[in-house]
Structure formats: C-alpha cells, structure tokens
Amino acid sequence: MAQVILLGTGAALSDATREHTYLVVQGETSSILIDCGGGPVQRLSRAGVALDSIDHLILTHHHPDHLYGVSVFLLDLWLAGRKKTLHIYGLPETLRATRAMMHAFEWERWFKVGYFPVEFHRVSNAAISLQIVTPEFSVSTTTTKHLLPTIATRIVSRQSSKAIVYSSDTEVCDSVAELARGVDILFHEATTVDKPVLGHSSAAQAGAQAKRAGVKKLVLVHLPPNGDVKKIHAAAAKTFGGKVVVGKDFARFKF
Ligand SMILES: [Zn+2]
Ligand SMILES: [Zn+2]
C-alpha cells in the first residue's frame, strides 16, 4: 500500500521540531519526492525509504525552503552509488533556478567522473495536466496562487484508486480546489492560524478550502514556528467540519 511520509512540516521560518515542508510518496517499488529541504538523505534514511527507490523528484517552486536540499541530495545519491536516471519535474522558472544552484556548485564537473543521469522535465502551467504515469502512481499538477510560479500536485495510487493532493505554497484559489475535488487526503499549507498572509493560507482558510473541495481528510503542513497546535487544529476544524490532522515530521498517511 502506498503512503505519504512527511519529512518536514515547517514554514519558511522553521523551529526546533519542524524541518521545512517536504514529503515523500512511497510505493512498493518506487517513490516520489516532492520538494527537498534540509538533509534529505538523513530524513529519508530515518523514515526507512531506500534512496534508490526514488525515481522522481517534483519541485513545486523556487523559494529556498522548498529547493535548497536538492544540491546535497544529488551529491549524496552519487556518493551512495546511484547509477539509474533521476527525473526532476518543475515549472520552467523552477528548473532554471535548480540548474543555476547546481551550476554554483560546478556540478558540470561531476559528470566527468561517472555521475548518474539526471533528466529535467518541464511542467506545463496549464490547468490540471498529467505529468507522470508510473506502474504505481499517476501524477497531475496545477498552478497555485503564490509569490512565485508554483504547482500543487495530485497523486493517485493505481492500486487503491485513492488520491492525495499537496497544495504547496498558496493562497486559497480555485485551481487547487479543483485539483483537490473529492480527494482522500488534502495536505494543505497553513502558514498562520487565522491571519491572512499574502501568497499563503491560514489554517482557517485551509479548512474552508478543504470543505469547498469536499475532501475526506485535511492534513495541515507548512506550519508557523512554535505554533499552538490546538489553536491551529481548532481554526481548521471550525471551517472544515471534517477530520483535521496537524502534520508532524515523520507522520505517515496510507492511501
Ligand atoms: Zn514555503
Ligand atoms: Zn514559497
């Protein structure tokens, strides 16, 4: 059975208990990493996810809290002896920033000493488009309403037909509601408890979005530093009326 493991649940300003928000979707034979903060290899190892099981890396946008771990992730895969191709997906702006970051580390030199293949795939910024089909998952994306071009991601398990959506960073918007329509779990950002913030959502807004999209369960991520979990939960539960979970690093959700 597939599962989502939260590798981090903090907002851009994180705290002692939360790494920046990123997650892995683990299948029986392959896994998909979405965004890449902190020390991804340490987090994946602790979560029991084999590095070689990750064939796809989806980058939602090029704010540092979602992207900065890519450089050490790519270095460590190589050091771990990877040979097979890694596929990286993102909007053109995101891929440009990723390549520029890697260029700063002169990764062009790495390929002269037997670096594994990396393929970049441009994500369309059209309304809901199918990006990846694997034996276990189908993945589609849509653009969100954020400070930079950003995508939200929906992943359907082909085994269970259950679906999850990760909003990434966004204000409440129609496109994410449409992508999340009726899904089993919506992982939505909640950068504040109830105060509106440009480019982001509060827990109360995330709850309203979950209600509007008719999702079965709401999991809040991208949480404020040292946030009051009870207040965050209450704000979302009040507007959603359904099951709300305040995300924790390393929490798992089967689907
Ligand atoms: Zn962020
Ligand atoms: Zn952002």
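As shown above, the structure is provided for reference.
Since we're looking at a predicted model, the values are computed, not measured. (Residues numbered from 1 in each chain as written. Chains lettered and ligands numbered in written order. Predicted model: local features only at pLDDT ≥ 70, side-chain atom pairs only at ≥ 80, totals over all residues. Heavy atoms only, no water.)

## Digging into the environment of Ser124
Thought 1: Within the secondary structure layout, Ser124 lies in the loop between strand 6 (118-122) and strand 7 (129-133).
Thought 2: A residue is classified by how much of its surface remains accessible, and Ser124, at 33% relative accessible area, is partly exposed.
Thought 3: Taking C-alpha positions, Ser124 is 22 Å from Pro64, a pair spaced 60 residues apart along the chain.
Thought 4: Among residues more than four places away in sequence, those in contact with Ser124 are Leu91, Ser129, Gln131 and Thr141. (Helix = DSSP H or I, 4+ residues; strand = E, 2+ residues; numbered from the N terminus. Buried < 20%, exposed > 50% of the residue type's maximum accessible area, 1.4 Å probe, protein only. Contact = heavy atoms within 4.5 Å.)

## Here we look at the coordination of the zinc ion (ligand 1)
Thought 1: All of the protein donors around the zinc ion (ligand 1) are Asp65 (OD), His66 (NE2), Asp169 (OD) and His222 (NE2); their distances to the metal are 2.1 to 2.2 Å.
Thought 2: Taken together, the 4 donor atoms coordinating the zinc ion (ligand 1) and their angles of 88 to 158 degrees define a geometry best described as irregular.
Thought 3: Mapping the donors of the zinc ion (ligand 1) onto the primary sequence yields the spacing D-H-x102-D-x52-H.
Thought 4: The zinc ion (ligand 2) is placed at 3.6 Å from the zinc ion (ligand 1), the two being bridged by Asp169. With Asp65 in helix 2 (residues 64-67) and His222 in the loop between strand 12 (217-221) and helix 7 (229-240), this pair connects stretches of sequence that are 157 residues apart. (Donors = N, O, S within 2.8 Å, 3.2 Å for Na, K, Ca; no water. Tetrahedral: all angles 85-135°; square planar, octahedral: opposite > 155°, others 65-115°.)

## Examining the packing of helix 6 (residues 203-213) against helix 7
Thought 1: Running from N to C, helix 6 and helix 7 cross one another at 30 degrees; their axes reach a closest spacing of 7 Å. Judged on the interaxial angle alone, helix 7 and helix 6 are roughly parallel. Crossing of helix 6 over helix 7 shows right-handed handedness. Residue-level inspection shows Ala203, Ala204, Gly207, Ala208, Ala210 and Lys211 of helix 6 in contact with helix 7, the latter providing Ile232, Ala235, Ala236, Thr239 and Phe240.
Thought 2: Here the residues of the contact of helix 6 with helix 7 sort into 8 nonpolar, 2 polar and 1 charged. (Axes fitted to C-alpha atoms, helices over the stretch in contact; angles between N-to-C directions. Parallel < 35°, antiparallel > 145°, perpendicular 65-115°, else oblique. Left-handed = near helix turned anticlockwise from the far one by under 90°. Nonpolar A, V, L, I, M, F, W, Y, C, P; charged D, E, K, R; others polar.)

## Description of the packing of aromatic side chains
Thought 1: Under the definition given, this model contains 11 aromatic pairs.
Thought 2: Residues Tyr115 and Phe116 carry aromatic rings whose centres are separated by 4.4 Å and whose planes lie at 25 degrees to one another, so their mutual orientation is stacked. The exposure classification of Tyr115 matches that of Phe116, with both residues buried.
Thought 3: An aromatic cluster is built from Trp78, Trp107, Trp110, Phe111, Tyr115, Phe116 and Phe120, whose rings are joined through pairwise contacts.
Thought 4: A cation sits over an aromatic face here: Arg82 above Phe116, 5.5 Å from the ring centre.
Thought 5: Across from the ring centre of Phe120, 4.2 Å away, lies the NZ or CZ of Arg99, which sits over that ring. (Phe/Tyr/Trp six-rings, centres within 6.5 Å; stacked < 30°, edge-to-face > 60°. Lys NZ or Arg CZ within 6 Å of the ring centre and 35° of its normal.)

## A closer look at the sheet that holds strand 6
Thought 1: Taken together, the 7 strands give an open sheet; going across it, the order is 6-5-4-3-2-1-14, and neighbouring strands pair in mixed fashion. Because the sheet does not close on itself, it has two edges, and the strands there are strand 6 and strand 14 (252-254). Ignoring which end each strand starts from, the neighbouring axes of this sheet average 20 degrees apart.
Thought 2: Two elements, strand 5 (residues 86-90) and strand 6, share 5 bridges in a ladder whose sense is parallel. Each residue of the ladder has a partner; that of Tyr89, found in strand 6, is His121.
Thought 3: Against the sheet, helix 1 (residues 40-47) contacts strand 1 (3-8), strand 2 (22-26), strand 3 (31-34), strand 4 (54-58) and strand 14, and its axis sits at roughly 135 degrees relative to strand 1. (Pairing = 2+ DSSP bridges.)

## Some points on helix 6
Thought 1: The complete set of buried residues in helix 6 reads Ala203, Ala204, Ala206, Gly207, Gln209, Ala210 and Ala213.
Thought 2: Its buried side turned inward, helix 6 meets helix 5 (174-179), strand 11 (185-189), strand 12 and helix 7.
Thought 3: Where helix 6 terminates, the next one or two residues include Gly214, which has phi positive at roughly 65 degrees.

## Notes on the pattern of salt bridges
Thought 1: Scanning all chains against the criterion turns up 9 salt bridges.
Thought 2: Here Arg43 and Asp249 are joined by a salt bridge, their closest N and O atoms 2.9 Å apart. Pair noted here: Arg43 is in helix 1 and Asp249 is in the loop between strand 13 (243-246) and strand 14, with a separation of 206 residues, a long-range link. As far as the burial class goes, Arg43 and Asp249 line up, both buried.
Thought 3: Among the charged side chains, a salt-bridge network with shared partners connects Asp52, Asp55, Arg82 and Lys84. (Salt bridge = Lys/Arg side-chain N within 4 Å of Asp/Glu carboxyl O.)

## Quick notes on the coordination of the zinc ion (ligand 2)
Thought 1: Within the protein, the zinc ion (ligand 2) binds to His61 (NE2), His63 (ND1), His146 (NE2) and Asp169 (OD); these donor distances fall in the range 2.1 to 2.3 Å.
Thought 2: Along the chain, the residues that donate to the zinc ion (ligand 2) are spaced as H-x1-H-x82-H-x22-D.

## A word on the sheet that holds strand 8 (residues 137-143)
Thought 1: Strand order in this open sheet of 7 strands is 7-8-9-10-11-12-13, and the pairing throughout is mixed. The sheet terminates laterally at strand 7 and strand 13, the two strands that pair on one side only. For this sheet the average axis-to-axis angle between neighbouring strands, irrespective of direction, equals 20 degrees.
Thought 2: Running at roughly 150 degrees to strand 12, helix 6 makes contact with strand 11 and strand 12 of the sheet.
Thought 3: Strands in contact with helix 7 are strand 12 and strand 13; relative to strand 13, the strand with the most contacts, it is inclined by about 155 degrees.

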